[in-house]
Amino acid sequence: MARRYTSKLTWDDVTPEHLYLNRRQIMAGMGGVLGAGLLGAGAAQAQGDPRLALIPNEWDEITGYNNFYEFGTGKDDPARNAHMMTTEPWSIEIDGLVDNPGTYSLEDILSEVEIEERIYRLRCVERWSMVVPWNGFELADLLNRVGVQEGARYVAFETLARPEEMPGLRVPVIDWPYREGLRLDEAMHPLTIMATGIYGRDIPNQNGAPIRLVVPWKYGYKSIKSIVRISLVEEQPVTAWNTYAPNEYGFYSNVNPERDHPRWSQAEERRIGGGLFSRNFPTLMFNGYEEEVASLYEGMDLIEFH
Ligand SMILES: Nc1nc2c(c(=O)[nH]1)N[C@H]1C(S)=C(S)[C@@H](COP(=O)(O)O)O[C@H]1N2
Ligand SMILES: [Mo]
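The model shown is predicted, which means the values in this text are computed figures rather than measured ones.

### Section: the packing of aromatic side chains
With the rule as written, the count across this model stands at 13 aromatic pairs. The interplanar angle of 80° and the centroid separation of 5.6 Å between the aromatic rings of Y69 and W241 together place this pair among those described as edge-to-face. Placement of Y69 in the loop between α4 (59-64) and α5 (77-81) and of W241 in helix α9 (residues 240-244) is noted, with a sequence separation of 172 residues between them. The residues Y69 and W241 share a single accessibility class, namely buried. An aromatic cluster of at least three residues, connected via ring pairs, comprises Y154, F251, Y252, F286, Y297 and F305. Between the NZ or CZ atom of R201 and the centre of the ring of W59, over which it lies, the distance is 4.1 Å. Positioned above the aromatic ring of F251, the side-chain terminus of K222 is 4.2 Å from the ring centre.

Here is the structure:
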């Protein structure tokens with residue numbers, strides 16, 4: 001199967017030898033999912049522009065340094081607290097302007113899609129970034145299945161809000177439940193996925209189990225976790241961070257080195273992890289996905305519509 005969107009970041013072209021050895025240890029117990037590709041890597045060297053070298057972060061980095069405010073605002077709170085969240089059974093309510101509204105069980109959703117691997121850079125608005133090998137499916141596949149009706153222009157998402165299991169909900173940091181939204185064409189873009197795994201394993205609770213959005217060209221807060229509701233709507237939906245501080249967190253939230261956060265520059269980012277990649281890198285327009293997504297915003301003022 002063609003994997004257009006992972007072609008420039010395979011294990012073969014981005015894995016330097018010292019990291020290769022590391023990953024081999026990590027994945028030794030994982031079974032065949034990634035094994036074949038890895039064995040073919042040999043003593044590959046990083047090549048080309050290091051900013052584009054999407055070398056996946058370690059499992060412990062990806063699952064130990066998180067933003068999931070439902071479990072606290074510290075980076076290690078989610079890893080400590082998210083085990084309290086019950087993720088089985090799980091269902092998503094899909095409503096609004098769709099032909100087949102209803103409550104879809106996770107099993108039902110997953111029975112109709114093909115899970116594939118996507119290695120994406122995740123860029124937080126706070127200026128750190130990681131590279132994550134997600135497993136998931138295109139959101140478009142789910143939206144096409146439920147049938148998007150004429151008149152739908154946006155997609156709204158909501159996270160579970162269960163106070164007994166989410167200590168962070170006691171603190172009114174944002175107006176719970178956590179909500180996000182995309183324009184319909186952004187939601188239908190082939191880069192936009194619903195992730196259910198990392199490194200071929202079930203996605204851990206702190207990363208948004210059992211199913212979360214990943215929109216790689218936008219700041220991380222758009223990639224809403226532990227989704228329980230998806231609504232197709234006519235008007236631009238209310239979103240959590242935009243409501244909190246519209247000047248700091250726009251609805252679009254496209255990664256943009258030219259549009260600084262009012263309290264800090266967005267010109268650079270820091271890759272989580274040690275060694276070579278712990279220094280700062282220049283932020284890339286659309287987080288490096290300009291070629292794929294720039295056409296969505298033709299003619300738009302990306303400073304005003306940040
Ligand atoms: N429901 C929910 N989704 C969320 C968040 C959150 O606090 N709650 N944090 C967001 C932010 S700011 C980022 S950077 C990413 C972090 O994803 P990760 O922890 O898997 O790296 O999740 C996003 N999705
Ligand atoms: Mo973030």
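Following the structure, the description resumes.
### Notes on the pattern of salt bridges
Tallied over the full model, the rule gives 15 salt bridges. Between D185 and R183 there is a salt bridge, with its nearest N and O atoms 2.8 Å apart. You can call D185 partly exposed: its relative accessible area is 33%. A single salt-bridge network, built from bridges that share partners, covers D76, D77 and R80.

### Some thoughts on the environment of S223
Mapped onto the fold, S223 is located in the loop between β9 (212-214) and β10 (227-233). Given the relative accessible area of 4%, S223 is considered buried. For the pair S223 and G208, spaced 15 residues apart in sequence, the C-alpha separation works out to 9.4 Å. Setting aside chain neighbours within four positions, we find S223 in contact with R212, L213, V214 and V215. A distance of 3.0 Å separates a polar atom in the side chain of S223 from the backbone nitrogen of V215.

### Overview of the environment of E70
With respect to the helices and strands, E70 occurs in the loop between α4 and α5. Exposure remark for E70: the relative accessible area of 2% places this residue in the buried category. It is 8.3 Å that separates the C-alpha atoms of E70 and Y178, two residues lying 108 residues apart in sequence. Once you skip the residues sitting within four places of it in the chain, E70 turns out to touch T159, L160, M166, P167, G168, L169, W176 and Y178.

### Side note on the pairing of β10
Taken together, the 4 bridges between strand β1 (residues 91-96) and β10 define a ladder with parallel strand orientation. Within β10, the position partnered with G96 by the bridge is L232.

### Thoughts on the pairing of strand β7 (residues 193-198)
Of all 6 residues in β7, 6 are buried, a share of seventy percent or more. Examined bridge by bridge, β7 and β9 share 3 bridges and lie antiparallel to one another. What sits directly across from I193, in β9, is V214. Bridge count for β7 against strand β8 (residues 201-202) is 2 bridges, and the pairing is antiparallel. Bridge pairing in β8 links I198 to R201. In this antiparallel pair of consecutive strands, β7 and β8, the connection spans 2 residues, and Y199 shows a positive phi of 50°.

### Focus: the site of ligand 1
The immediate surroundings of ligand 1 are formed by 17 residues, with N66, Y69, E70, T159 and K225 found nearest. Within the side chain of N66, a nitrogen or oxygen atom sits 2.8 Å from an oxygen atom of ligand 1. Between ligand 1 and T159 there is a distance of 2.9 Å, counted from a nitrogen atom to a side-chain nitrogen or oxygen. Considered on its own, ligand 1 offers 540 Å² of accessible surface; in the complex 98% of this is hidden by protein. Of the pockets mapped on this structure, ligand 1 occupies the largest pocket.

### As for the confidence of the model for the protein chain
Per-residue confidence for the protein chain gives a mean pLDDT of 87, with 81% of residues at or over 70. In the predicted structure, residues 1-48 sits below a pLDDT of 50 and forms 71 contacts with residues beyond four places in sequence or in another chain.

### A word on the sheet that holds β10
One key point about sheets: their strands pair by backbone hydrogen bonds, in either a parallel or an antiparallel sense. Here 5 strands make up an open sheet; going across it, the order is β2-β1-β10-β5-β6 and the pairing mixed. Each of the sheet's edge strands pairs with one partner strand only, and the pair in question is β2 (102-105) and β6 (179-183). On average, adjacent strands in this sheet sit at an angle of 20° to one another, irrespective of strand direction.

### Thoughts on the environment of F286
Position of F286 among the secondary structure elements: in the loop between β12 (280-282) and α10 (290-293). Residue class for F286 comes out buried when judged on its relative accessible area of 3%. Remark: the alpha-carbon pair of F286 and P216, spanning 70 residues in sequence, is separated by 8.2 Å. The residues contacting F286, other than those within four sequence positions of it, are W217, N254, V255, V293, A294, Y297 and L302.

Cut-offs used in this document
Residues numbered from 1 in each chain as written. Chains lettered and ligands numbered in written order. Predicted model: local features only at pLDDT ≥ 70, side-chain atom pairs only at ≥ 80, totals over all residues. Heavy atoms only, no water. Phe/Tyr/Trp six-rings, centres within 6.5 Å; stacked < 30°, edge-to-face > 60°. Helix = DSSP H or I, 4+ residues; strand = E, 2+ residues; numbered from the N terminus. Buried < 20%, exposed > 50% of the residue type's maximum accessible area, 1.4 Å probe, protein only. Lys NZ or Arg CZ within 6 Å of the ring centre and 35° of its normal. Salt bridge = Lys/Arg side-chain N within 4 Å of Asp/Glu carboxyl O. Contact = heavy atoms within 4.5 Å. Polar contact = N/O pair within 3.5 Å; in protein donor to acceptor, adjacent residues only side chain to side chain. Pairing = 2+ DSSP bridges. Near = heavy atom within 4 Å. Areas by Shrake-Rupley, 256 points an atom, 1.4 Å probe, with all protein chains shown as cover. 1 Å grid on protein atoms, 1.4 Å probe; cavity = no way out; pocket = protein on both sides within 12 Å on 5 of 7 lines; lining within 4 Å. Sits in = over half its atoms within 2 Å of the grid points. pLDDT = per-residue confidence, 0-100. Axes fitted to C-alpha atoms, helices over the stretch in contact; angles between N-to-C directions.

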